[in-house]
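# Observations on the three-dimensional arrangement
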Amino acid sequence: MVKVLKTSKVVIVLSGKYAGKKAVIVQNYDQGTSEHPYGHALVCGIEKYPMKVTKSMGEKKVQKRSKIKTFVKVVNYNHLMPTRYTFELGETVTSAVPAFTNSDVSVRTEARKDLRKVFANLASQRYKGGKNQWFFTKLRF
């Protein structure tokens, strides 16, 4: 069987607080771990999408409407739906992952904050550059 859920694959979260939100797989764990004994993935996604911007809007309003709020979460494979899209992750995002797997809770929370901040910067650069447009639009259903 072909492995579909790979790193940098865009997925849609199907259940929980972030249901219907788009996310990118940062690290996948097919065999599971001792804490999560099932197939799961570490995902970074967009919690609040940027709003529509027009030419007539001022610079301040454009900045405010272009903000992106992100999230980081460990999600079971059963709650992810893969899409045909990919989102290239930079070295800065993948380098933050080893600290996330640490057993110490305080180290993990700091790693989560760092990973969220790094992904937010990457996402805002991609949004302003006009790349990966589908990823930055709200899912309509």
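Please read these numbers as outputs of a predicted model, since none were measured by experiment.

### Side note on the nonpolar core
Core analysis: the biggest nonpolar cluster contains 21 residues, and Phe87, Leu89 and Phe135 have the highest contact counts within it. Mapped by element, the contributors of at least two residues to this core are β2 (22–29), β3 (40–48) and α4 (105–129). Of the residues forming this core, the biggest block, 4 residues, is contributed by α4. Residue contacts for leucine 89: discarding those within four places in its chain leaves Thr7, Ser8, Val24, Ile25, Val26, Phe119 and Leu122. Among the nonpolar cores identified, the runner-up in size contains 12 residues, and Val11, Val13, Val43 and Val75 belong to it.

### Topic: unusual backbone geometry
Positive phi, close to 70 degrees, is recorded for serine 8, a residue that is not glycine. You can see serine 8 is positioned in the segment before β1 (9–13). The phi angle at asparagine 132 is positive, at roughly 55 degrees, despite the residue not being glycine. Structurally, the position occupied by asparagine 132 is in the segment after α4.

### Overview of the side chain of asparagine 28
As for its position among the elements, asparagine 28 is in strand β2. Polar contacts involving the side chain of asparagine 28 include one to the main-chain carbonyl oxygen of leucine 5, which spans 2.9 Å. Residue contacts for asparagine 28: discarding those within four places in its chain leaves Lys3, Leu5, Lys6, Thr7, His40, Ala41 and Tyr77.

How each quantity is defined
- Residues numbered from 1 in each chain as written.
- Predicted model: local features only at pLDDT ≥ 70, side-chain atom pairs only at ≥ 80, totals over all residues.
- Heavy atoms only, no water.
- Core = buried A, V, L, I, M, F, W, Y, C linked by side-chain atoms within 4.5 Å.
- Buried < 20%, exposed > 50% of the residue type's maximum accessible area, 1.4 Å probe, protein only.
- Helix = DSSP H or I, 4+ residues; strand = E, 2+ residues; numbered from the N terminus.
- Contact = heavy atoms within 4.5 Å.
- Polar contact = N/O pair within 3.5 Å; in protein donor to acceptor, adjacent residues only side chain to side chain.

Functional significance is not addressed by these values, which are geometric in nature.
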